[in-house]
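Each chain, written out:
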Amino acid sequence: QEKVQQSPESLIVPEGAMSSLNCTFSNSASQSIWWYQQHPGKGPEALISIFSNGNKKEGRLTVYLNRASLHVSLHIRDSQPSDSAVYLCAPFYGSSGNKLIFGIGTLLSVKP
Amino acid sequence: AQTIHQWPVAEIKAVGSPLSLGCTIKGKSSPNLYWYWQATGGTLQQLFYSITVGQVESVVQLNLSASRPKDDQFILSTEKLLLSHSGFYLCAWSLQGYAEQFFGPGTRLTVL
């Protein structure tokens, strides 16, 4: 059974700061790792994904993947109050019914 | 543009009563379809997926069933609700061969 652990559970940062979120997963067979953003009472929305070791940058988002340590991190530069939401890490397993295995999430609050 | 619609928005049902939740995707032909469930304070879990009309695979056993009667429609149902069925039900779609999943707005189910 694949497991995904996210830390911290919650994070409060001032507007303009860097937000750093962490995720470890149990199965190295994942084909890609996704980060989703979920606002209260809404469906999650995909933000960014990564397949290969290393980093990937899109706008204010940077994601780092280390497959050897089964660790992925998401960094949000210049955090804005509108970034306040739950961030979900989800490894993707295409050979198992296109399954995304979600973590419990990190609640990010950006204070003006 | 593709849209995903879920109905109803919210339901309050009695234990032992039947349930039917629906999902419709417009603007995409032959998408992969998924049902997810999120208990309050819990992780998002994939319940079912379907790659074509009439074909549904079960991922997690929760005394629920799913059907895909049309290319753009996915139905989640049970004849007898349990208290443990309460939570947030999300429908999602993806293109064949692609990992990114797009989620609907969800249905909030309360079983009393």
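Figured I'd write up the structure that's included with this text.

Per the secondary structure count, chain A includes 0 helices and 11 strands. Ordered by position in the sequence, the α and β elements of chain A form the string β-β-β-β-β-β-β-β-β-β-β. Relative to its length of 112 residues, chain A is compact, with a C-alpha radius of gyration of 13 Å against a globular reference of 13 Å. Dimensions of chain A, computed from the C-alpha atoms along their principal axes, are close to 45 × 30 × 20 Å. Counting all 112 residues of chain A, 48% fall into the buried class. Taken as a whole, chain A presents about 5,300 Å² of accessible surface, with 50% of it coming from carbon and sulfur. Looking at charge distribution, chain A has the averaged site of its 9 positive side-chain charges lying 5 Å from that of its 7 negative ones.

Once that is clear, we can look at the environment of Trp93(B). Residues and elements named next belong to chain B. For Trp 93, the position within the fold is in strand β9 (residues 87–94). Residues Trp 93 and Thr 107, spaced 14 residues apart in sequence, show a C-alpha to C-alpha distance of 16 Å. Those residues in contact with Trp 93 that sit more than four places away from it in its chain are Gln 2, Ile 4, Ile 25, Lys 28, Pro 31, Asn 32, Leu 33, Tyr 34, Glu 100, Gln 101 and Phe 102.

With that out of the way, let us pick up the state of the cysteines. All names here are of chain A. Across all of its chains, the model carries 2 disulfides over all chains by this definition. One disulfide bridge connects Cys 23 with Cys 89, the sulfur atoms lying 2.0 Å from each other. For the disulfide bridge between Cys 23 and Cys 89, the dihedral angle about the S-S bond is near -70°, and by the sign convention the bridge is left-handed. Of the two residues, Cys 23 sits in strand β3 (residues 19–25) while Cys 89 sits in strand β9 (residues 85–93), which places them 66 residues apart along the sequence. Take Cys 23: its relative accessible area is 1%, and that puts it in the buried class. Taking the relative accessible area as the measure of exposure, Cys 89 reaches 0% and is therefore buried.

Within a regular strand, side chains alternate between the sheet's two faces. Residue and element names in this part refer to chain B. Residues Thr 107, Leu 109 and Val 111 point to one face of strand β11 (residues 107–111) and are all buried, whereas Arg 108 and Thr 110, pointing to the other face, are not buried. Looking at chain direction, strand β2 (residues 10–13) and β11 are connected through 4 bridges and run parallel. Paired with Lys 13 across the two strands is Val 111, which belongs to β11.

Moving on, we come to the layout of surface pockets. As a volume, the largest pocket reaches approximately 430 Å³. Around the largest pocket, the lining comprises 20 residues; the ones closest to its centre are Gln38(A), Val86(A), Gln38(B), Gly41(B) and Gly42(B). Of all elements in the fold, only β9 and β11 (106–111) of chain A reach the threshold of two or more residues within the lining of the largest pocket. Looking at the lining of the largest pocket, the element that brings in the most residues is β9(A), giving 3 residues. A per-class count over the lining of the largest pocket returns 8 nonpolar, 9 polar and 3 charged.

Where side chains of opposite charge bring their charged atoms close, a pairing between them can arise. Residues and elements named next belong to chain B. Tallied over the full model, the rule gives 4 salt bridges over all chains. Between Asp 72 and Lys 26 there is a salt bridge, and its shortest N-O distance comes to 2.7 Å. Separated by 46 residues along the polypeptide, Asp 72 in the loop between β7 (65–70) and β8 (73–78) and Lys 26 in strand β3 (residues 19–26) bring together distant segments of the chain. When its relative accessible area of 18% is taken as the criterion, Asp 72 is described as buried. Of the charged contacts, one joins Arg 68 and Asp 71 as a salt bridge, the two residues approaching to 3.3 Å between their closest N and O atoms.

Rules of the game
Residues numbered from 1 in each chain as written. Chains lettered and ligands numbered in written order. Predicted model: local features only at pLDDT ≥ 70, side-chain atom pairs only at ≥ 80, totals over all residues. Heavy atoms only, no water. Helix = DSSP H or I, 4+ residues; strand = E, 2+ residues; numbered from the N terminus. Rg over C-alpha atoms; globule rule 2.2 N^0.38 Å. Buried < 20%, exposed > 50% of the residue type's maximum accessible area, 1.4 Å probe, protein only. Areas by Shrake-Rupley, 256 points an atom, 1.4 Å probe, with all protein chains shown as cover. Lys, Arg positive; Asp, Glu negative; His and termini not counted. Charge placed at Lys NZ, Arg CZ, Asp CG, Glu CD. Contact = heavy atoms within 4.5 Å. Disulfide = S-S within 2.5 Å. Pairing = 2+ DSSP bridges. 1 Å grid on protein atoms, 1.4 Å probe; cavity = no way out; pocket = protein on both sides within 12 Å on 5 of 7 lines; lining within 4 Å. Points joined across faces, edges and corners; volume = space filled by probe spheres on them. Nonpolar A, V, L, I, M, F, W, Y, C, P; charged D, E, K, R; others polar. Salt bridge = Lys/Arg side-chain N within 4 Å of Asp/Glu carboxyl O.

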